[in-house]
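Here's the letter readout for the chains.
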Amino acid sequence: MNNTKSKVIVITSGKGGVGKTTTSAAISAGLAQLGHKTVVIDFDIGLRNLDLIMGCERRVIYDFVNVINGDANLSQALIKDKRVDNLYILPASQTRDKDALTKEGVAKIIEELKKEFEFVICDSPAGIERGALMALYYADEAIVVTNPEVSSVRDSDRILGVLSSKSLRAENKESPVKEHLLLTRYSDTRVKKGEMLAIEDVLEILSIPLIGVIPESPAVLNASNRGIPVTLDTPSDARTAYEQAVRRLLGEEIPFEASKKWTRKLLDKLSLFRSPA
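Because the structure is a prediction, the values reported are computed rather than measured. (Residues numbered from 1 in each chain as written. Predicted model: local features only at pLDDT ≥ 70, side-chain atom pairs only at ≥ 80, totals over all residues. Heavy atoms only, no water.)

Caption draft 1: Focus on the packing of helix 7 (residues 150-166) against helix 10 (residues 199-206). In the contact formed by helix 7 and helix 10, the axes pass within 10 Å of each other and the chain directions differ by 30°. Handedness of the crossing formed by helix 7 with helix 10: right-handed. Residues Val153, Ser156, Asp157 and Leu160 of helix 7 touch helix 10, and the partners they reach there are Val202, Ile205 and Leu206. Each residue belonging to the contact of helix 7 with helix 10 can be placed in one class, and the counts come to five nonpolar, one polar and one charged. (Axes fitted to C-alpha atoms, helices over the stretch in contact; angles between N-to-C directions. Helix = DSSP H or I, 4+ residues; strand = E, 2+ residues; numbered from the N terminus. Left-handed = near helix turned anticlockwise from the far one by under 90°. Contact = heavy atoms within 4.5 Å. Nonpolar A, V, L, I, M, F, W, Y, C, P; charged D, E, K, R; others polar.)

Caption draft 2: Quick peek at the side chain of lysine 20. Here lysine 20 shows up in helix 1 (residues 20-33). Comment: no salt bridge for buried lysine 20; closest opposite-charge side chain is aspartate 123, at 6.2 Å. Lysine 20 has contacts with Ile11, Thr12, Ser13, Lys15, Asp123, Ser124, Pro125, Ala126 and Val145, leaving out every residue within four places of it along the chain. (Buried < 20%, exposed > 50% of the residue type's maximum accessible area, 1.4 Å probe, protein only. Lys, Arg positive; Asp, Glu negative; His and termini not counted. Salt bridge = Lys/Arg side-chain N within 4 Å of Asp/Glu carboxyl O.)

Caption draft 3: Seen up close, the sheet that holds strand 7 (residues 178-186). Read from one edge of the open sheet, eight strands run 3-4-2-5-1-6-7-8, paired in mixed fashion. Only two strands of the sheet have a single neighbouring strand rather than two, namely strand 3 (79-80) and strand 8 (210-215). Here strand 3 pairs with strand 4 (residues 87-90) via two bridges, running antiparallel. Within strand 4, the position partnered with lysine 80 by the bridge is tyrosine 88. Sheet strands touched by helix 12 (residues 237-249): strand 1 (7-12), strand 6 (141-146), strand 7 and strand 8. Its angle to strand 8, the strand with the most contacts, is close to 170°. (Pairing = 2+ DSSP bridges.)

Caption draft 4: The pattern of salt bridges, seen in detail. Taken as a whole and assessed by the stated rule, the structure comprises 14 salt bridges. One salt bridge connects aspartate 81 with arginine 83, and the closest N-O pair in it is separated by 2.7 Å. Overall, the relative accessible area of 5% leaves aspartate 81 in the buried class. Under the relative-accessibility criterion, arginine 83 is labelled partly exposed at 41%. For glutamate 111, the salt bridge goes to lysine 114, with nearest N and O atoms at 3.6 Å.

Caption draft 5: Summary view of the pairing of strand 5 (residues 119-123). Here strand 5 lies mainly inside the structure; five of its five residues are buried. Because side chains alternate across strand 5, one face comprises the buried residues Phe119, Ile121 and Asp123, and the other comprises Val120 and Cys122, equally buried. As paired strands, strand 1 and strand 5 are joined by five bridges and run parallel to one another. Considered in strand 5, the bridge of isoleucine 9 is made with isoleucine 121.

Caption draft 6: A look at the nonpolar core. The biggest cluster of nonpolar side chains holds 55 residues, and the ones touching the most others in it are Phe43, Phe64, Val106, Leu113 and Leu163. Among residues more than four places away in sequence, those in contact with valine 106 are Phe43, Phe64, Ile68, Leu101, Met134 and Tyr138. Counting residues in each nonpolar core, the second largest holds 35 residues, with Ile9, Ile53, Ile214 and Val230 among its members. (Core = buried A, V, L, I, M, F, W, Y, C linked by side-chain atoms within 4.5 Å.)

Caption draft 7: Structural context of the packing of helix 1 against helix 12. Where helix 1 meets helix 12, the axes come as close as 9 Å, and the angle between the chain directions of the two elements is 65°. As for the relative orientation of helix 1 and helix 12, their crossing is right-handed in sense. Only Arg239, Tyr242, Ala245, Val246 and Leu249 of helix 12 make contact with helix 1, whose side of the interface consists of Thr22, Thr23, Ala26, Ile27, Gly30, Leu31 and Gln33. When its residues are assigned to classes, the contact of helix 1 with helix 12 shows seven nonpolar, four polar and one charged.

Caption draft 8: Helix 11 (residues 218-225), seen in detail. The complete set of buried residues in helix 11 reads Ala219, Val220, Ala223 and Ser224. Down the axis of helix 11, the buried set is contained in an arc of 130°. They therefore lie on one face. What points out from helix 11, more than 90 degrees from its buried face, is the exposed set Pro218, Leu221 and Asn225. Among the structural elements, helix 1, helix 2 (50-53) and helix 12 are those in contact with the buried residues of helix 11. One or two steps after helix 11, the chain reaches glycine 227, where phi turns positive at roughly 70°. (Arc of directions from axis to C-beta.)

Caption draft 9: Quick peek at unusual backbone geometry. One non-glycine residue, asparagine 86, adopts positive backbone phi at about 75°. Relative to the helices and strands, asparagine 86 resides in the loop between strand 3 and strand 4.

Caption draft 10: Main features of the environment of glycine 17. Counting through the fold element by element, glycine 17 comes out in the loop between strand 1 and helix 1. The spatial distance from the C-alpha of glycine 17 to the C-alpha of alanine 126 is 8.3 Å, given a sequence separation of 109 residues. Setting aside chain neighbours within four positions, we find glycine 17 in contact with Asn147 and Arg185.

Caption draft 11: Inspection of the pairing of strand 7 at higher detail. Here six bridges tie strand 6 to strand 7, and the two strands are oriented parallel to one another. When the bridges of strand 7 are listed, threonine 146 appears paired with leucine 183. As judged from the four bridges shared by strand 7 and strand 8, these two strands associate in the parallel manner. Each bridged residue has a counterpart across the sheet, and for leucine 182 the counterpart in strand 8 is glycine 212.

Structure (structure tokens):
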């Protein structure tokens, strides 16, 4: 019997290099730390970076495509994280073409995972090519990752259009995919210099609920280079920001830092976005 509480969440963006895979690792590890059984799937067929950031690249024997093709079963391909209970990784293939992903094959795997896991996190490749469309197709919720720069925000706006039109929920005319905005590599100093968009400007363009603001921090790159999700690494401002994003994802009301001196315009937007109890 399917876990009726199971959620499929896609981590997506229109632009590459914004921190999707880092976010997928941090969010999935954060959920697992809070006791939620979580699996994270790498949809970036042919490139495969999630296993590196999760620090399990040497443990990959079978992958996502092997399971779709029937060369292995899920239990053979899933890798259990050694650091935290409740966390599993389904790696991508490094040698296969993205056409190896089919709606039927992906559906079968996701339905099987939903029987066992509370959260199924889909780490999407950038853009709107086949791998990305497959990653978002079965999503219940989406975390749209963007940097505070015009090109990144514009491409994220395009992804929001795809979510509202090309997901299974859209095709079946069901309630839409629930969208969350995660702003990465944010710097107050660079905003003041005019080198980045302010948070309220990003919200004005995208108009979806803000789930977290991840500061520009060497801790993110350091953790990734060592194969450790940020939420499992040593304390840092980035770790705290990701942990708060995870709790907001779970429905907790966690205020954003008042010290940021964001405008009333931003606070008004957040209150508008807040879901009724």
